[in-house]
Each structure stands twice: as structure tokens, then as C-alpha cells.
Amino acid sequence: MSETVKVIDLVNALQLEIITGDEEALQREIKISDISRPGLELTGYFTYYSYNRIQLFGSKEITFAQRMLPEERLMVMRRMCAPEIPAFVISRGLEVPKELIQAGDEAGIPVLRSSVSTSRLLGQLSSFLDSKLAVRESIHGVLVDVYGLGVLIQGSSGIGKSETALELIKRGHRLIADDRVDVYKQDDLTLIGEPPKILEHLIEIRGIGIIDVMNLFGASAVRGSMQVQLAVYLEAWEKDKQYDRLGSENATVEIGDVAIPQIRIPVKTGRNVAIIIEVAAMNFRAKTMGFDATKKFEERLSLLIAENSGK
């Protein structure tokens, strides 16, 4: 599922100035994240006009429009005000053509303005709409920011995911979501996780109930969203099972069509899982920077074998 985005949401998020548009106009829905720069349309060419996108006017569009005759400008602006258009946005604090304001008022389409440069505003619009309109998937687990790394803790019910997250929070790390994590793709390689609105800042601990992490530990103990970079799967310790002891397994788990590196941690009495996850996060960060303790051990082992075989 994806969120519904209305023009007023865009106004509030990007602090846009409302040039024209009543409350009803600001409730218009934005259904696509693509942004259109109406260049050819100003010349009267509407064959490939993107009727369902936000129309962004920069210096080029405004300058061209200013060179048109007033009646010609009004005719083009009226034609641009298709029923599906969510809004018109003007960048750089440029003067808005009065014909666009008139056409917008007639069609009930809001005209907005920003002081931000056109290219930067285009990026802000696309980034906000991409995140809000992306298809979301709910997964079971706990998402925690550990040393700036988004760690998704998963495992069977009752294994201790929330208790581990609580210990991590006490150690100075930050909670993103407990029990259920809503994830969406920012791009082909990036997965973002965030809490459902109803569970924001909350964590459930068996025997205590639901606690408000922000209220107990402060604003620095929570975070609104985070890239999922490492998945940790907690599993019950089995005496006869063989576990990875060198860290040479490069396992991944596919979440939301994105492959996320995964490590499996056996849980048993006496193991401090929170500390193990801390070290796992630090070790993962070191590996991404080129420092791999497993490779170093294997190199030393190969060197030792070569020395012994040469004797």
C-alpha cells in the first residue's frame, strides 16, 4: 500500500507559499511523483502534456511566458489547467503571471511558490513524493539505529527482540519501529523502514506492557525512519547445530525486493544479545570500509600452513 498525498501536505513539508487556492483546492490528491516542466506546452504544443503531474515553473518558463501577449498567455494557462493537475509550483520566488492565477482560480487548481532554486526544488519535490507515494510493505521485526546503521532484528515470537531493542536503547541507540516495520524502496538498492503511525515511539515488553520510549528516554532515543542496512535473525540455541564461527558466510535476505545482508545469532541464557548486535554493527561497518577480520585470519592461516609445509 502507499500513502495518500494531498497538496496541503506538500505545502507544509516544503514550506511553500500559497499564491492562490482555497481549502478545497489544497485537498487535491497527488498520485504520481514525477514532476513536469511545461516548456513546449507554453508554445501551444499539448500532444504529450503530462496532465496528472505537478507543473513546475522556473526562470525559463516564466521568462518565456512574459514575452507572450496577455490574451495568448491566458489561453495557454487555461489549457494547462486540466482537471487532473494537482498544482502549479513557481521556483526562485519569481513573479507569478496573473493569467496563471486567474486560470488556477477558475479551475480550482492551487498555485504555489518557493524561494528555492528550480533544480533544488525539483529534487525536494521528487524526494518527498517518492517517499510518500512508494508502495509500502509491513514486515515483522524491530528496527534500531545502532551506531548510525539501520539494524533490523527479526526472529520467532518470544525470542526477545523487543527486550534486546530496549537494552540497545539504554545503551544510547535509537528506536525506529517495534513489532512491525513499514518498508519501501527508495531506489533499487536502498530500503527505508519506518514505524506505522499507531506504533510510533512505542515498544512492547512482556510483563510490563507498552512503554513510550520518547517519554522515558527522551527525543534522542527515537528516530522517524532509517535505511535498513543489516538484518539480524535471533534463533534459539540448538546444541547439535553447526553455527558460523568465522563470519565467512555472506548470507542475505530479500526484503521488499532488496537484498539485505543477514547474520544469524543463536540465543541462549547468558548471552548478551544487545552487545553482540553492537559488535556485529561495528564489524559490518568495518567490512564496508575494507577491514575484514575473517580475511585477515584466513591470510594468516594460509601463511602459517605455507611456512609449516616448507619445513
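Computed from a predicted model, the values in this text were never measured in an experiment.

Engineer: How should the domain arrangement of the protein be read in this particular structure?
Structural biologist: A common way to report how large an interface is uses the accessible area buried once the components associate. We note that the domain assignment places domain 1 (5-133) and domain 2 (136-296) within the protein. Each of domain 1 and domain 2 was reduced to a C-alpha centroid, and the two centroids are 42 Å apart.

Engineer: Whenever I open this one, the pattern of salt bridges confuses me. Can you help?
Structural biologist: Close approach of charged atoms lets side chains of opposite charge pair. A complete count under the given rule lists 12 salt bridges for this structure. Glu17 is paired through a salt bridge with Arg113; the nearest N and O atoms lie 3.1 Å apart. In this pair, Glu17 is assigned in strand S2 (residues 17-20) and Arg113 in strand S7 (residues 111-113), connecting sequence segments 96 residues apart. The exposure class of Glu17 is partly exposed, given its relative accessible area of 38%. With relative accessibility at 19%, the residue Arg113 sits in the buried group. It is possible to trace a salt-bridge network through shared partners that takes in Asp145, Arg174 and Arg223.

Engineer: It is not clear to me how helix H6 (residues 118-133) should be interpreted in this structure. Could you clarify?
Structural biologist: An α-helical turn contains 3.6 residues, so any two residues separated by three or four positions project in the same direction. Here H6 contains 16 residues, and its C-alpha end-to-end distance of 22 Å stays within 8% of the 22 Å for a straight helix at 1.5 Å per residue. Where H6 is concerned, the buried positions are Thr118, Leu121, Leu125, Phe128, Leu129, Ser131 and Leu133.

Engineer: I would appreciate a short explanation of the pairing of strand S18 (residues 252-255) in the present structure.
Structural biologist: For a regular strand, side-chain orientation follows a simple rule: the groups alternate between the two sheet faces. Pairing of S18 with strand S19 (residues 258-267) involves 4 bridges; the strand directions are antiparallel. Residue pairing across strands places Glu254 opposite Ala259, the latter belonging to S19.

Engineer: Looking at this structure, how should I read the sheet that holds S18?
Structural biologist: Each strand in a sheet pairs with its neighbour through backbone hydrogen bonds, running either in the same direction (parallel) or in the opposite one (antiparallel). An order of S11-S9-S10-S17-S19-S18 is seen for the 6 strands of this open sheet, with the pairing classed as mixed. Edge positions in the open sheet fall to strand S11 (174-177) and S18, since each of these has one partner strand only. The average undirected angle you get between the axes of adjacent strands in this sheet is 35°. Sitting on the sheet, helix H7 (residues 161-170) is in contact with strand S9 (142-146), strand S10 (149-155), S11 and strand S17 (230-236), with an inclination near 20° to S9. Docked against the sheet, helix H9 (residues 273-288) engages S9, S10, S17 and S19, running at close to 135° with respect to S10.

Engineer: I keep staring at the UniProt feature "binding site: Mg(2+)" (unreviewed entry) in the protein and nothing clicks. Help me out?
Structural biologist: UniProt annotation of "binding site: Mg(2+)" (unreviewed entry) refers to Ser162 and Glu204 when read in the numbering used here. The named residues occupy 43 residues along the chain; their greatest pairwise C-alpha distance, 6.7 Å, places them in one compact cluster. Relative to the helices and strands, Ser162 is located in helix H7. If near-sequence neighbours (up to four positions away) are discounted, Ser162 is found in contact with Val142, Asp178, Ile203, Glu204 and Ile205. For Glu204, the residues in contact, after removing those within four places along its chain, are Ser162, Asp178, Gly209 and Ile210.

Engineer: What is the right way to look at the nonpolar core in this model?
Structural biologist: Nonpolar side chains in soluble globular proteins tend to end up buried together. Residues Val151, Ile153, Ile203, Leu234 and Ile277 are the most contacted members of the largest nonpolar core, which totals 27 residues. Of all the secondary-structure elements, those providing two or more residues to this core are S9, S10, H7, strand S14 (202-205), S17, S19 and H9. Apart from residues lying up to four places away in sequence, Ile153 is in contact with Gly141, Val142, Val144, Lys161, Thr164, Leu168, Val232, Leu234 and Ile277.

Engineer: Teacher, can you tell me more about the side chain of Ser50 here?
Structural biologist: Note on placement: Ser50 falls in the loop between strand S4 (35-36) and strand S5 (54-57). Residue Ser50 is classed as buried on the basis of its relative accessible area, which comes to 16%. The contact partners of Ser50, leaving out residues within four places of it in the chain, are Ser36, Gln55 and Ile85.

How each quantity is defined
Residues numbered from 1 in each chain as written. Predicted model: local features only at pLDDT ≥ 70, side-chain atom pairs only at ≥ 80, totals over all residues. Heavy atoms only, no water. Domains from an automatic or database assignment. Salt bridge = Lys/Arg side-chain N within 4 Å of Asp/Glu carboxyl O. Helix = DSSP H or I, 4+ residues; strand = E, 2+ residues; numbered from the N terminus. Buried < 20%, exposed > 50% of the residue type's maximum accessible area, 1.4 Å probe, protein only. Expected span 1.5 Å × (residues − 1). Pairing = 2+ DSSP bridges. Axes fitted to C-alpha atoms, helices over the stretch in contact; angles between N-to-C directions. Contact = heavy atoms within 4.5 Å. UniProt positions renumbered as here; feature names shortened; annotations may be inferred. Core = buried A, V, L, I, M, F, W, Y, C linked by side-chain atoms within 4.5 Å.

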